[in-house]
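A closer look at the structure
This is what each chain is made of:
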Amino acid sequence: MERTVTLGSKSGLHARPAGVFVQHAKGFQSQITLAKNDKTANGKSILSVLTLGAEQGDQVVLIANGDDAQSAMNELVPLLEGDLG
Amino acid sequence: MKVLHGIPASPGIAIGSAQTIHPVLSVDVTAQRSVDEAVEMTRLAQAIQQAIARLDALRMAAGGSTADILEAQREMLDDPELKEGADAQIATGFTAEAAITRVAASYAEQLASLPDPYLAARAEDVREAGRRIVAELRGISLEIRLDHAAILVAQDLAPAETVGLNPAYLQAVVTETGSATGHLAIVAQGLGIPAVVGVTGALAQIDEGTTLIVDGERGMVTVAPDEVSRSEAETRLATAQRDRRELEVYRDRPGMTADGVRVEVFANIGSLAEAHKAVEMGAEGVGLFRTEFITAHGIPSEEEQYAIYKEVAATLQRPLIVRTFDIGGDKPVQGLDIPAEANPFLGWRGIRLALDRPEEVFLPQIRAFLRVAASYDLRIMLPMVTVPQEVEATRVLIDSALQDLEREGKLARRVPLGIMVETPAAAVTLDQFRGLIDFASIGTNDLIQYTYAVDRTNVRVRERAKPLGTAILRLIEQVCRAGVPVAVCGQLAGDADAVPLLVGLGVRELSVAPARVPAVKRVLSGMTLADMQARAQQRLAV
């Protein structure tokens, strides 16, 4: 299951917003992946997410694989589109 | 004897023996393991868990903004990719130490190569996480232990390293890097110990156990002092100690003139550590909390700000005046796009920036303030105000924030609102703010700078500004006649010569560095109000 999302966070995926995202992603059994251009990141890894270097307005692809993929998408998509404060 | 020069970062004088902290932990990144890979992977997993547990304990002890820095490091320690990457390296033959160091370095390089300077700066956090794990693998602690009184000499001291130190043993700090406004300066001032930073080559020139004199006022470190220097330092130390003992009695007394007129003595703070210091020194409240000190890693979210302000308010249990972020061209903030300006002191700063960026800068802070005010005596103060319209616009934002909070079911309370008087414009028209504000506080450093048109950082002209010159005294007199309660929170408020003049002109609250609180109370108690008024009138007439 995947969706292309435009990042809403003013500071992109900096330490604080990235930390918030990772905390939420860890709440799901599913494998969570973020992709930007040709780079992919493990959504449950802060280091991996930070190295994407994603900024506000960037298009990222959110991919969830597993039993709770649908609820992961429901929770994580609005998170990425919001300000992740 | 040798004298080293650095930047004075925290005042005071100390004589003691050096404890040197050398950057340790060199790791051979090509080292091959001699045990089975499963054994090595288990060792690594255990080391990571120990590092996390140690960091958690530190975080509890630290509180406030230091805890936030440690929280970011904890997330990295707990990162599944870090462990998997290191396991893969172990599988190819490396030791756990080499494996984790290689993976941490690889992430650090990737982060450092990103165009965003904020992300690039996280590279150091990953390396630090790697070092923490290596330290656990070797069974050593990265935290510095002090089991006897000593002067610490180090390349630099990270926040995590200073939290665990027993302040009773820490006599002074000397570092090779750092600035007068850096983290270490703030910590040292909070603890009331002298610090000299930016001492180039300190570790090369100071041996473990050498006697040192650290002079935090002049930014000097004397290595292996001769008899003359030593006895001079001992005399100064004895005088300072006697003075401190004499001042003890004033700590728990209210600020009052000799004839019993109340003048509240508050403290200026920038951190939780200084809030503790303010309580310890007997401050009757906080007259200025410089909230921009919490923006070192960008503007924190509303929830993070709420937690910080609440912790400070709970520590104080007395009035807390919070100044909204005083940021601008000379104080850049990560994540905020503030263009470079030719004259940042005359530019887009303080209330001007806040009102132009309500969603990003102002509202999260105001909401956090109003929520803390539901349970504590908190008052809001605005920096860099020039005209009443700025206060009117702020009131509109506060009203809508209160309505939003009520709708969201969050507890909040309307609070007293005041302004900093730091521009001549605000000083001469303060009467026009009546009804809009509940108090005013004179920021003397900026008021002097703007009145005399003298940049206080320009050594060629800074002596031309006269802190107690007629221009300043006349402005203060005018401010005191505006019909608004007036405080002073600039450096002048802690100056023994200035205190009688300020009170004589009508100031009834002085907000000073925490360590100055008892001394200011002593000055107040030594004169009657009538004497202070006479002295002020005499100065105005000259």
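Since this is a predicted model, take the numbers as computed values, not measurements. The numbers attached to residues start from 1 for each chain and follow its sequence in the written order. A letter from A marks each chain and a number from 1 marks each ligand, given out in the order of writing. It should be noted that, the model being predicted, local features are given only for residues of pLDDT at least 70 and side-chain atom pairs only at 80 or more, the latter also being counted only at that level, while totals for whole chains, interfaces and linings use all residues.

**Some thoughts on the overall build of chain B**
Looking only at helices and strands, one finds 21 helices and 16 strands in chain B. In this scheme the burial state of a residue depends on its C-beta neighbours within 10 Å: 20 or more other such atoms mean buried, 12 or fewer mean exposed, and anything in between means partly exposed; the C-beta positions come from the backbone. Relative to its 542 residues, chain B shows a buried fraction of 44%. Numbering of helices and strands runs from the N terminus; a helix is a DSSP stretch of H or I covering at least four residues, while a strand is a stretch of E covering at least two.

**A few points about the overall build of chain A**
In terms of regular secondary structure, chain A is built from 3 helices and 4 strands. Ordered by position in the sequence, the α and β elements of chain A form the string β-α-β-β-α-β-α. Out of the 85 residues belonging to chain A, those deemed buried represent 46%. In chain A, the proportion of contacts linking residues at least 24 apart, taken out of those at least 6 apart, comes to 68%. Whether two residues are in contact depends on their C-beta atoms, placed from the backbone: they are in contact if these lie within 7 Å.

**Notes on the confidence of the model for chain B**
Each residue carries a pLDDT value, the predictor's own confidence for that position, ranging from 0 to 100. When pLDDT is averaged along chain B, the result is 89; 94% of the residues meet or exceed 70. The ipTM value of the predicted complex is 0.88, and its pTM value is 0.61.

**What to know about the sheet that holds strand 4 (residues 150-154) of chain B**
Residue and element names in this part refer to chain B. Whether two strands pair comes down to DSSP finding at least two bridges between them. On the basis of which strands lie adjacent, the open sheet formed by 8 strands has the order 1-8-7-3-4-5-6-2 and mixed pairing. In the strand order of this sheet, the two ends are held by strand 1 (2-5) and strand 2 (7-10), each with one partner. Here the average twist between neighbouring strands, direction ignored, is 30°. Relative to strand 4, strand 3 (residues 13-21) runs parallel, the two sharing 4 bridges. Residue pairing in the sheet places Thr20 in a bridge with Val153 of strand 4. The strands that helix 10 (residues 227-251) touches are strand 3, strand 7 (211-215) and strand 8 (220-223); relative to strand 3, the one it contacts most, it runs at about 115°. Interaxial angle, 0 to 180 degrees, is taken between N-to-C directions of lines fitted to C-alpha atoms, where a helix line uses only the stretch in contact.

**Some words on the packing of helix 19 (residues 498-505) of chain B against helix 21 (residues 529-541) of chain B**
Helix-helix packing is characterised by the crossing angle of the two axes and by the distance between the axes. Residues and elements named next belong to chain B. In contact at an axis separation of 7 Å, helix 19 and helix 21 are set at 95° when each is read in the N-to-C sense. The pairing of helix 19 with helix 21 is recorded here as roughly perpendicular in orientation. From helix 19, Pro500, Leu501, Val503, Gly504 and Leu505 reach across to helix 21, where they touch Leu529, Met532, Gln533, Arg535, Ala536 and Arg539. Each residue is assigned to one class: nonpolar for Ala, Val, Leu, Ile, Met, Phe, Trp, Tyr, Cys and Pro, charged for Asp, Glu, Lys and Arg, and polar for all the others, Gly among them. Classifying every residue of the contact of helix 19 with helix 21 by side-chain character gives 7 nonpolar, 2 polar and 2 charged. Note on angle classes: values under 35 degrees are labelled roughly parallel, values over 145 roughly antiparallel, values of 65 to 115 roughly perpendicular, and the remainder oblique.

**Details of the environment of A:His14**
You can see A:His14 is positioned in the loop between strand 1 (2-6) and helix 1 (15-25). A tally of 23 C-beta atoms within 10 Å means that A:His14 is categorised as buried. C-alpha of A:His14 to C-alpha of A:Leu50: the two residues are 36 residues apart in sequence and 6.6 Å apart in space. In this view, A:His14 contacts B:Tyr118, B:Leu119, B:Gly298 and B:Gly335; residues no more than four positions away in its chain are not counted.

**Some details on the packing of helix 10 of chain B against helix 20 (residues 517-525) of chain B**
All names here are of chain B. Packing of helix 10 against helix 20 brings their axes to within 8 Å, and their N-to-C directions diverge by 75°. In terms of orientation, helix 10 and helix 20 fall into the roughly perpendicular class. Residue-level contacts link Leu247, Tyr250 and Arg251 of helix 10 to Pro518, Ala519, Lys521 and Arg522 of helix 20. Looking at the contact of helix 10 with helix 20 residue by residue, the class counts come to 4 nonpolar, no polar and 3 charged.

**What to know about the environment of B:Gln171**
Residue and element names in this part refer to chain B. As for its placement among the helices and strands, Gln171 is situated in strand 5 (residues 170-175). The exposure class of Gln171 is buried, given the 20 C-beta atoms found within 10 Å. The spatial distance from the C-alpha of Gln171 to the C-alpha of Ala14 is 6.3 Å, given a sequence separation of 157 residues. Residue contacts for Gln171: discarding those within four places in its chain leaves Ala14, Gly16, Ala149, Ala150, Ile151 and Ile193.

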